[in-house]
Amino acid sequence: MTYDEIKVGQVYEKKVSTTSKDVETFAEITGDKNPLHLDDEFAKETIFGGRIVHGMLGLGKISAVLGMEFPGPGTIYMSQTSKFLAPIYLDEEVTIKITVKEKIEEKKRLILNTQILKENGKTAIDGEAMVKYDK
């Protein structure tokens, strides 16, 4: 896909889930070993009632979509704002939704709404990214 083929209002969606192994690997890499993410007994006693995915791991899945699928290889991530609105549980299928909000033609940049949506319709992560894409 080329920059010129991307249209304001265009939407890309992908269903993903996150395993316990994914969370454990992320915790090892980052050092974020909060028991909310790793310890079933601890997490059961929290407001979430069970282990949840790191919010930043959710954002990492958005990054993977931007870099590999939409817009795709060659995308340069320039900024990201995010609000964490609802938990994502282990093995829960969620939808990553990317919507083209604006094109900045002279710099070949895109402003994108970035969301992770739960099956019940709630938004787990809501944000906005700016990327450069000059293919």
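Residues numbered from 1 in each chain as written. Predicted model: local features only at pLDDT ≥ 70, side-chain atom pairs only at ≥ 80, totals over all residues. Heavy atoms only, no water.

What to know about the sheet that holds strand β2 (residues 76–84)
So, step 1. Read across the sheet, 5 strands follow the order β1-β3-β4-β5-β2 without closing on themselves; strand pairing throughout is antiparallel. Only two strands of the sheet have a single partner each, and these edge strands are β1 (11–16) and β2. Direction aside, neighbouring strands of the sheet carry axes that sit 20 degrees apart on average.
So, step 2. Sheet contacts for helix α4 (residues 55–68): β1, β2, β3 (94–104), β4 (109–118) and β5 (123–132); angle to β2, the most-contacted strand, approximately 145 degrees. (Pairing = 2+ DSSP bridges. Helix = DSSP H or I, 4+ residues; strand = E, 2+ residues; numbered from the N terminus. Axes fitted to C-alpha atoms, helices over the stretch in contact; angles between N-to-C directions. Contact = heavy atoms within 4.5 Å.)

Observations concerning the packing of aromatic side chains
So, step 1. According to the stated counting rule, one finds 1 aromatic pair in the structure shown.
So, step 2. Between lysine 103 and the ring centre of tyrosine 3, over which it is positioned, the NZ or CZ distance is 4.3 Å. (Phe/Tyr/Trp six-rings, centres within 6.5 Å; stacked < 30°, edge-to-face > 60°. Lys NZ or Arg CZ within 6 Å of the ring centre and 35° of its normal.)

Here's the deal with the pattern of salt bridges
So, step 1. Under the criterion given, the structure shown has 8 salt bridges.
So, step 2. Salt-bridge contacts for glutamate 24 lead to arginine 51; the nearest nitrogen and oxygen are separated by 3.9 Å. Here glutamate 24, found in helix α1 (residues 20–30), pairs with arginine 51, found in the loop between α3 (40–44) and α4; they are 27 residues apart in sequence, far enough to count as distant.
So, step 3. With a relative accessible area of 9%, arginine 51 lands in the buried category.
So, step 4. Note that glutamate 28 and lysine 33 form a salt bridge whose closest N and O atoms lie 3.2 Å from each other. (Salt bridge = Lys/Arg side-chain N within 4 Å of Asp/Glu carboxyl O. Buried < 20%, exposed > 50% of the residue type's maximum accessible area, 1.4 Å probe, protein only.)

Some thoughts on the pairing of β3
So, step 1. In terms of residue burial, β3 counts as a mostly covered element, since 8 of its 11 residues are buried.
So, step 2. Bridge count between β1 and β3: 6 bridges; the pairing is antiparallel. Note on β3: the bridge partner recorded for lysine 15 is threonine 95.
So, step 3. In this sheet, β4 lies alongside β3 in antiparallel orientation, the contact comprising 10 bridges. Bridge assignment links lysine 103 to a residue of β4, and that residue is leucine 110.
So, step 4. The hairpin formed by β3 and β4 contains 4 residues between the paired strands, and lysine 108 there has a positive phi angle of roughly 50 degrees.

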